[in-house]
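Single-letter residue listing:
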Amino acid sequence: MVPGMKKKDLAIDLLEMALARRDEPAALATALIALDKLSQSRPEHANCHYAAGRVLLAMGQAQLAMGALRIACQLDPEHAAAHYYEGVAHWLLGRKSEALTKVLNALHADPDLFEARFDAGVIYSQRGDHAAALEHLKRALGLRPEDFPTLKKLLQCLLALDYHGTAQLTHKRLRQVWATSEDPGVRALRSYVLDQFDVGPVRVVAVESLAPEGDPRVLYSFAAHDSAGLAFTITLETSAALRGSWVLAVNDGEVHANTGMRWSEPPGYHLLKPSVVRLVGRWAGVGEEGEGE
């Protein structure tokens, strides 16, 4: 079923048949021709324009899609899916503010439209408004409790806001969902971006391995860089030589330095991050105060 649609009609049937064959340009073109004929006989029918907009998006024609979807919204201001996909078109065209407005319009029409909830959370997060992002992502998770991408974005927001207690619970849940998911795309994941933060002018991207392998076996990797070209990586790793202990190491060019920071078990991220922030500050020769994103 198309998001936000309560029932189907001929236009929606044409759309769903086209999307089922989205990799076939001829099928998309045929559906678009049929929808154009249908809209000529029923120009007031919002779903005709909505379906045409969706097909145009599938064809990579975001500008044309936006026009068709805008007509659908004008004909039916409560058409949540039309508002949402017009927002998608705006986003693809680089119009991020307009995209957020349309996504919020979609939620006004249908507060339980998952795609709009998730995208609102992502857009607010990218704007740095993590509190607003958190509220949308929590509601998105309520709609799909086992959705890995939502859990990931929620965890990133919680860490950015320093909500460490809730972040620990969400982190545990995310790993459980990954381990039990029947989605082949989720099961194929081996790592993901957990966090991003700044230490002075140095940007740090934290990546967690979901299935650490090899020797050394790396659980967390913190890639640090600045605009001047400084770049190095800090890892939390173990190896056969370490006999189960976990250490922080710095990789800088040909240098692989054991920092001497050691744990018998992998520390919780909320305990590990302050040590990484201090180490980044020392290695880069900058202040030690990190600022989350």
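Scroll up to find the structure this text is about.
A brief structural summary. Predicted model only: the values in this text are computed from it and were never measured.

What counts as what
Residues numbered from 1 in each chain as written. Predicted model: local features only at pLDDT ≥ 70, side-chain atom pairs only at ≥ 80, totals over all residues. Heavy atoms only, no water. Axes fitted to C-alpha atoms, helices over the stretch in contact; angles between N-to-C directions. Helix = DSSP H or I, 4+ residues; strand = E, 2+ residues; numbered from the N terminus. Parallel < 35°, antiparallel > 145°, perpendicular 65-115°, else oblique. Left-handed = near helix turned anticlockwise from the far one by under 90°. Contact = heavy atoms within 4.5 Å. Nonpolar A, V, L, I, M, F, W, Y, C, P; charged D, E, K, R; others polar. Expected span 1.5 Å × (residues − 1). Buried < 20%, exposed > 50% of the residue type's maximum accessible area, 1.4 Å probe, protein only. Disulfide = S-S within 2.5 Å. Phe/Tyr/Trp six-rings, centres within 6.5 Å; stacked < 30°, edge-to-face > 60°. Lys NZ or Arg CZ within 6 Å of the ring centre and 35° of its normal.

Describing the packing of helix α5 (residues 80-92) against helix α6 (residues 96-109)
Packing of α5 against α6 brings their axes to within 7 Å, and their N-to-C directions diverge by 165°. Relative to α6, α5 is oriented roughly antiparallel. Every pair of crossing elements has a handedness; the one defined by α5 and α6 is left-handed. Contacts from Ala80, His83, Tyr84, Glu86, Gly87, His90 and Trp91 of α5 reach α6 at Lys96, Glu98, Ala99, Lys102, Val103, Asn105, Ala106 and Ala109. Across the contact of α5 with α6, the residue classes break down as seven nonpolar, four polar and four charged.

Some remarks on helix α3 (residues 46-58)
Look at α3: 19 Å from first C-alpha to last across 13 residues, which is about the 18 Å you get at 1.5 Å a residue. Buried residues of α3: Ala46, Asn47, Cys48, His49, Tyr50, Ala51, Ala52, Gly53, Arg54, Val55, Leu56 and Leu57, and no others. Immediately beyond the C-terminal end of α3, within one or two residues, lies Gly60, with a positive phi of roughly 85°.

A few points about the state of the cysteines
Under the criterion given, the structure shown has zero disulfides. With no disulfide of its own, Cys73 lies closest to Cys48 among cysteine sulfurs, the gap being 15 Å.

As for the packing of aromatic side chains
If you walk through the whole model with that rule in mind, you get eight aromatic pairs. Each ring, one from Tyr84 and one from Tyr85, has its centre 4.8 Å from the other, and the planes form 75°; the classification is edge-to-face. A relative accessible area of 7% places Tyr84 in the buried class. The exposure class assigned to Tyr85 is buried, which follows from its relative accessible area of 13%. Between the NZ or CZ atom of Arg54 and the centre of the ring of Tyr85, over which it lies, the distance is 3.8 Å. Its guanidinium or amino end placed over the ring of Trp178, Arg187 lies 4.7 Å from that ring's centre, counting from NZ or CZ.

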